[in-house]
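# Topology and contacts: notes
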Amino acid sequence: MLFISSNLNRQFLFQKKHVGKSKAQVAKESVLRFCPSANITAYHDSIMNPDYNVEFFRNFQLVMNALDNRAARNHVNRMCLAADIPLIESGTAGYLGQVTVIKKGQTECYECQPKPTQKTFPGCTIRNTPSEPIHCIVWAKYLFNQLFGEEDADQEVSPDTADPEAAWNPADAAARATASNKDGDIKRVSTKEWARSTGYDPVKLFNKVQLFKDDIMYLLTMDKLWKKRKAPLPLDWTEIHHLESSQEEACGTGLKDQQVLGVQGYAQLFHRSVETLRSQLIEKGEGAELVWDKDDPPAMDFVTAAANLRMNVFSMNMKSRFDVKSMAGNIIPAIATTNAVIAGLIVLEIFLNKQPNPRKKLLVPCALDPPNPSCYVCASKPEVTVKLNVHKTIVQALQDKILKEKFGMVAPDVQIEDGKGTILISSEEGETEANNNKFLSDFGIRNGSRLQVDDFLQDYTLLVNLIHSEELEKDVEFEVVGDAPDKAPTPSVPEEGKNIANGNKDSAQPSTSSKAAAEDDDVLIVDSDEEPSSSTMEASPESSNRKRKHHGADTDDAVSKRKRLDQQPADDDEDIIALD
């Protein structure tokens, strides 16, 4: 059995003292205390590592998911479909949760139905590699609690030294977790304890622990994170204070809350909000705590300022107070009790409702839906239609924004169906980099052109039909014609027998089959903590009868590419393998 999990710090196996350590290693130690006869190997890794290819998944009779991000869920869904292995998918959102079975050809797969916008986020992404404004807003809310509210181990804001992507070797991760207090000139103590020792000095908070200078410098030492990402840029209070005022004019028109300030403006707002919140703590007395409320002006000012300063550090466009407030009030917290209930029910097809249904049931079993014949993942011949402007869309955008981000591929190879087998994108490093900044039209792509896209790691082929359009809405680069994956169905009240939770089908769906697992391997736990960046993944190769025509090469190249990542089965004497 293969068990893949992330954010295990919310589970009963983990305590506050374990923060910063490899979750799989801690899980192993915790389990051995109450089941010493188990054989467990702990791995600190990402499930999207190409080493875990289709042949690896075929070693198991069953896969169980407990992931917290859609990219990893999509990836495991496709690997199980390719390996023809049943997948049990589970998930929670606040007080709601569900468990469902995905079996190839018999049930919907995870991607058969559209999913709503994600409202919970991986810890590694929040702490180390934010890529969207919402990640910075979540971080700022966590920071508010760490400084002024009730401290929560699940809401750490300092760099995550156990990030699987930052250090693949468990020994490296452990070394970072116990790094010298001199690293980045940061003394690793409680955020609140340190803040109190400074008297909540806004300038010291800005420059030192957990914020915009020293912790960013510490992140820069985790160099593996920045090989294929733009590195963050630390902010210094003194330098910001001397910015020319002409550079700091507010952008936007209309109400004050809808204006976007400059870096200096948000730094000043941070200073004022910290002083106000400090005064509120003093008024409440020793040991007092504040509760974040989006309708409390000082609290909202703090989150707006902190979030925007972090956006600036990570080279994102900053947001108005109005935008931050709308997003900050729509984040679903993780509930440990819900996770525990769903974990206990993971072997059942079940949904946990927020309130009893008409039959007064909280736990509702449901029938599995058949596969969606138009699903672009599990259909017999997956196919999608994309509308874009071929004269304005470059190859790099096709790869990163459409194939990887939208359609969840890891290492796509793209061939133009032009009668010549022209290779537009290759997952082999360096083969097609010269194409990256060219427009699609430069390759003869026009209205009605078709692209065959292969992801050999996922053993997945997708046919992409292109519609050229010069009438897309402003700031819209492309549209998926038909049932777009990001358009959630209309929310409705779950009823017994319906495969709906939290107003939508946002959990598992089909996977496959009856392949024999390694003889004595009962459970494999993969702890995949972060939402991996597709751009960091290498190509992988599986043996298959599929053929692709490579310009100037034959199909043997594809077969050899797949074979590179074949992996031996796990040792026969291990009952449980934990992968972090």
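Predicted model only: the values in this text are computed from it and were never measured.

Rules used in this analysis
Residues numbered from 1 in each chain as written. Predicted model: local features only at pLDDT ≥ 70, side-chain atom pairs only at ≥ 80, totals over all residues. Heavy atoms only, no water. Pairing = 2+ DSSP bridges. Helix = DSSP H or I, 4+ residues; strand = E, 2+ residues; numbered from the N terminus. Axes fitted to C-alpha atoms, helices over the stretch in contact; angles between N-to-C directions. Contact = heavy atoms within 4.5 Å. Buried < 20%, exposed > 50% of the residue type's maximum accessible area, 1.4 Å probe, protein only. Right-handed = clockwise from strand over helix to strand, strands pointing away. UniProt positions renumbered as here; feature names shortened; annotations may be inferred. Disulfide = S-S within 2.5 Å. Expected span 1.5 Å × (residues − 1). Parallel < 35°, antiparallel > 145°, perpendicular 65-115°, else oblique. Nonpolar A, V, L, I, M, F, W, Y, C, P; charged D, E, K, R; others polar. Salt bridge = Lys/Arg side-chain N within 4 Å of Asp/Glu carboxyl O. Core = buried A, V, L, I, M, F, W, Y, C linked by side-chain atoms within 4.5 Å. Left-handed = near helix turned anticlockwise from the far one by under 90°. Phe/Tyr/Trp six-rings, centres within 6.5 Å; stacked < 30°, edge-to-face > 60°.

Turning our attention to the sheet that holds strand β8 (residues 383-388). With mixed pairing, the 6 strands of this open sheet are ordered in space as β10-β9-β11-β12-β8-β13. Sheet topology places β10 (423-425) and β13 (478-481) at the edges, where each strand pairs with a single neighbour. Across the sheet, the mean angle from the axis of one strand to that of its neighbour is 30°, orientation sign disregarded. Judged from the 6 bridges that link them, strand β11 (residues 450-455) and strand β12 (residues 460-468) form a sheet pairing that is antiparallel. Pairing of Leu451 across the sheet is with Val464, part of β12. Sitting on the sheet, helix α15 (residues 395-406) is in contact with β8, β9 (412-416), β10, β11, β12 and β13, with an inclination near 70° to β10.

With that settled, consider the pairing of strand β4 (residues 87-93). Within β4, 6 of the 7 residues are buried, leaving the element largely enclosed by the surrounding structure. Between the parallel elements strand β3 (residues 63-66) and β4, the chain passes through helix α3 (residues 70-83) in a crossover that is right-handed. Pairing of β4 with strand β5 (residues 96-102), which is carried by 7 bridges, proceeds in the antiparallel orientation. What sits directly across from Ala93, in β5, is Leu96. Taking the residues between adjacent antiparallel strands as the criterion, β4 and β5 are bridged by 2 residues, where Gly94 takes a positive phi near 65°.

This paragraph deals with the UniProt feature "active site" (unreviewed entry) in the protein. With numbering aligned to this structure, UniProt lists the feature "active site" (unreviewed entry) at Cys124. Residue position: Cys124 is located in helix α4 (residues 123-127). Note on Cys124: relative accessible area 0%, which makes it buried.

Glancing now at the state of the cysteines. The final tally for this structure, using the stated rule, is 0 disulfides. For Cys378, which is in no disulfide, the shortest distance to another cysteine sulfur is to Cys112 and amounts to 3.3 Å.

For helix α5 (residues 133-148), which comprises 16 residues, the first-to-last C-alpha distance of 22 Å matches the rise-based estimate of 22 Å (1.5 Å per residue) to within 8%. Taken across its 16 residues, α5 has 15 buried, putting it largely inside the fold.

Looking now at unusual backbone geometry. At Tyr200, a position not held by glycine, the phi torsion is positive, near 55°. Mapping Tyr200 onto the fold places it in the loop between α7 (191-197) and α8 (202-207). In this model, Asp459 sits at a positive phi of 50°, which is unusual for a non-glycine residue. Residue position: Asp459 is located in the loop between β11 and β12.

For the rest of this paragraph, the subject is the pairing of β12. Sheet analysis places β8 next to β12, joined by 6 bridges and oriented parallel. Bridging across to β12, Thr385 finds its partner in Asn465. Between the antiparallel neighbours β11 and β12 lie 4 residues, among them Asp459 with a positive phi of about 50°.

Put simply, α5 and helix α13 (residues 321-328) touch, their axes get as near as 10 Å, and they point 75° apart. Relative to α13, the element α5 is oriented roughly perpendicular. Of α13, the residues touching α5 (which contributes Ile134, Ile137 and Lys141) are Val324, Met327 and Ala328. Per-class residue counts for the contact of α5 with α13 are 5 nonpolar, no polar and 1 charged.

Before going further, it helps to spend a moment on the environment of Ile467. Residue placement: Ile467 occurs in strand β12. Owing to a relative accessible area of 30%, Ile467 belongs among the partly exposed residues under this scheme. Linking Ile467 and Asn389, residues 78 residues apart in sequence, is a C-alpha distance of 8.0 Å. Apart from residues lying up to four places away in sequence, Ile467 is in contact with Thr385, Val386, Lys387, Leu388, Asn447 and Val481.

The subject of this paragraph is the pattern of salt bridges. By the definition in use, this model includes 11 salt bridges. Of the charged contacts in the structure, one is a salt bridge between Lys325 and Asp295, with a shortest N-O distance of 3.4 Å. Taken together, the positions of Lys325 in helix α13 and Asp295 in the loop between α11 (263-284) and α12 (297-313) put the pair 30 residues apart, joining distant regions of the chain. Glu417 is paired through a salt bridge with Arg450; the nearest N and O atoms lie 3.3 Å apart. With Glu417 in the loop between β9 and β10 and Arg450 in strand β11, this residue pair connects regions lying 33 residues apart in the sequence.

Ranked by internal contacts, the top residues of the largest apolar core, which has 56 residues, are Phe148, Phe206, Phe212, Phe270 and Phe302. Looking at this core, the elements that each hand over two or more residues are α5, α7, α8, α9 (214-220), α10 (237-241), α11, α12 and α13. Here this core takes 11 residues from α5, the largest share from any one element. The residues touching Phe302, leaving out its near neighbours within four places in the chain, are Ala140, Leu143, Phe144, Leu147, Phe148, Phe270, Ser273, Val274 and Leu277. Among the nonpolar cores identified, the runner-up in size contains 52 residues, and Val54, Met79, Val377 and Leu462 belong to it.

Now for the packing of α11 against α12. One can describe the packing of α11 onto α12 by two numbers: an axis separation of 8 Å at closest approach and a directional angle of 145°. α12 is crossed by α11, and the crossing has left-handed handedness. Here α11 contributes Val263, Tyr266, Ala267, Leu269, Phe270, Ser273, Val274, Thr276, Leu277 and Gln280 to the contact with α12, which in turn contributes Pro298, Ala299, Asp301, Phe302, Thr304, Ala305, Asn308, Leu309 and Asn312. In terms of residue class, the contact of α11 with α12 is made up of 12 nonpolar, 6 polar and 1 charged.

Here the focus is the environment of Leu255. Considering the arrangement of structural elements, one finds Leu255 in the loop between α10 and α11. Distance from Leu255 to Phe322, taken between C-alpha atoms, is 9.3 Å for residues 67 residues apart in sequence.

Before going further, it helps to spend a moment on the packing of aromatic side chains. Under the defined criterion, the tally for this structure stands at 10 aromatic pairs. Here Tyr52 and Phe56 contribute two aromatic rings whose centre-to-centre distance is 5.0 Å and whose plane-to-plane angle is 55°, an arrangement assigned as tilted. The residues Tyr52 and Phe56 share a single accessibility class, namely buried. Both rings, one in Phe148 and one in Tyr200, keep their centres 5.3 Å apart while their planes meet at 20°; by these two values the pair is stacked. Linking Phe148 in helix α5 with Tyr200 in the loop between α7 and α8, this pair joins segments that are 52 residues apart in sequence. A single burial state applies to Phe148 and to Tyr200, both of which are buried.

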